[in-house]
Amino acid sequence: MSTLPLRIGHGFDSHRLEAGEGLRLGGVWIACDWRLVAHSDGDALIHALCDALLGAIGGGDIGRLFPDTDERNKGLDSSVFLREVMRRVAAAGYAVGNADLTLIAQVPRMAPHAAAIVATLARELGVDPSAVNLKAKTNEGMGHLGRKEGVAAHAVVLLQRVSHAPSV
Ligand code: MG
């Protein structure tokens, strides 16, 4: 793979919402009247982040790494995916510069959880919390996201080269 000093990646993910007793987004458990429907825990924010990181190293996508047909991934805490992806980022000789995340969710209300999510993701990415930005927005009541049928997330990451390790 190329040894560019900087590499950028983008990721997107979405999951269905239904009535439930809580959900996990950005690695943080949020007690609420909803749950995410997915093979794993449905943490769309982490899934988008994983795809951004994999995109930056030319590493494919999270669906290829962790197929939803694999029983081992059922109900899995998506932090496990993120740790494996970060292992690949390091093996490719890169470290995270910064990450910019946008979550689109009509519910639950994200503001009370934003700081915890930023702190959790910064720890997983090996960066200072100031290098992780989370923007949580509603969809202003429009469309399927506005009707609370699901949540969606976008992620952009910048990686910086730190070594000349062989590519994965
Ligand atoms: Mg997903």
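About the criteria used
Residues numbered from 1 in each chain as written. Predicted model: local features only at pLDDT ≥ 70, side-chain atom pairs only at ≥ 80, totals over all residues. Heavy atoms only, no water. Helix = DSSP H or I, 4+ residues; strand = E, 2+ residues; numbered from the N terminus. Expected span 1.5 Å × (residues − 1). Buried < 20%, exposed > 50% of the residue type's maximum accessible area, 1.4 Å probe, protein only. Contact = heavy atoms within 4.5 Å. Polar contact = N/O pair within 3.5 Å; in protein donor to acceptor, adjacent residues only side chain to side chain. Core = buried A, V, L, I, M, F, W, Y, C linked by side-chain atoms within 4.5 Å. Arc of directions from axis to C-beta. Salt bridge = Lys/Arg side-chain N within 4 Å of Asp/Glu carboxyl O. Donors = N, O, S within 2.8 Å, 3.2 Å for Na, K, Ca; no water.

Participant: Lay out helix α4 (residues 114-125) with the relevant residues and their values.
Facilitator: Between its first and last C-alpha atoms α4 spans 16 Å; for 12 residues at 1.5 Å apiece the expected length is 16 Å, and the two agree. Along α4, the residues that are buried comprise Ile117, Val118, Thr120, Leu121, Ala122, Glu124 and Leu125. Tucked inside the fold, the buried residues of α4 contact β2 (23-25), β3 (28-30), α1 (44-56), α3 (79-91), β5 (94-104) and β6 (132-137). Two residues or fewer after α4 comes Gly126, characterised by a positive phi angle close to 70 degrees.

Participant: Residue-level account of the side chain of Ser78, with values.
Facilitator: By the element assignment, Ser78 lies in the loop between α2 (62-65) and α3. We classify Ser78 as buried; its relative accessible area is 0%. Among the polar contacts listed, one links the side chain of Ser78 to the side chain of Asp41, at a separation of 2.5 Å. Within the local environment of Ser78, its side chain forms a polar contact with the side chain of His47, the two groups lying 2.7 Å apart. Beyond its immediate chain neighbours, meaning those up to four positions away, Ser78 contacts Ser40, Asp41, Asp43, Ile46 and His47.

Participant: Now, about the nonpolar core: what can you tell me, with residues and values included?
Facilitator: Among the nonpolar cores identified, the biggest contains 48 residues, and Leu49, Leu53 and Leu125 are the most heavily contacted of them. Taken together, the elements giving at least two residues each to this core come down to β2, β3, α1, α3, β5, α4, β6 and β7 (150-161). By residue number, the principal contributor to this core is α1, which donates 10 residues.

Participant: Could you give an account of α3, with specific residues and numbers?
Facilitator: When the terminal C-alpha atoms of α3 are compared, their 18 Å separation across 13 residues agrees well with the 18 Å that a helix rising 1.5 Å per residue should span. The set of residues buried in α3 consists of Ser79, Phe81, Leu82, Val85, Met86 and Val89. Taken end-on, α3 shows its buried residues confined to a sector of 145 degrees, consistent with a single buried face. If you follow the buried residues of α3, they end up packed against α1, α2, β5, α4 and β7.

Participant: Can you explain unusual backbone geometry? Please cite residues and give values.
Facilitator: Put simply, Val107 and Pro108 share a cis peptide bond, and its omega is -10 degrees. Topologically, Pro108 is positioned in the loop between β5 and α4. One non-glycine residue, Glu140, lies in positive phi territory at about 55 degrees. As for its position among the elements, Glu140 is in the loop between β6 and α5 (143-146). Residues other than glycine seldom take positive phi values, yet Lys148 does so here, at roughly 65 degrees. Mapped onto the elements, Lys148 comes out in the loop between α5 and β7. In this structure Lys148 comes out as partly exposed when scored by relative accessible area, which is 35%.

Participant: Which residues make up the pattern of salt bridges, and what values do they have?
Facilitator: Opposite charge on two side chains makes pairing possible when the charged atoms of those side chains draw close. In this structure the tally under the stated criterion is nine salt bridges. Via salt bridges that share partners, Arg24, Asp41 and Asp77 belong to a single interconnected network.

Participant: So what's going on with the coordination of the magnesium ion? Residues and values would help.
Facilitator: Six octahedral donors around a metal ideally sit at 90 or 180 degrees from one another, while four tetrahedral donors ideally sit at 109.5 degrees. With distances of 2.2 Å, the protein atoms coordinating the magnesium ion are Asp13 (OD), His15 (NE2) and His47 (ND1). Counting the intervening residues between successive donors of the magnesium ion yields the motif D-x1-H-x31-H. Of this pair, His15 sits in strand β1 (residues 6-19) while His47 sits in helix α1; the two residues are 32 residues apart in sequence, bridging distant segments of the chain. Overall, the relative accessible area of 18% leaves His15 in the buried class. Given the relative accessible area of 6%, His47 is considered buried.

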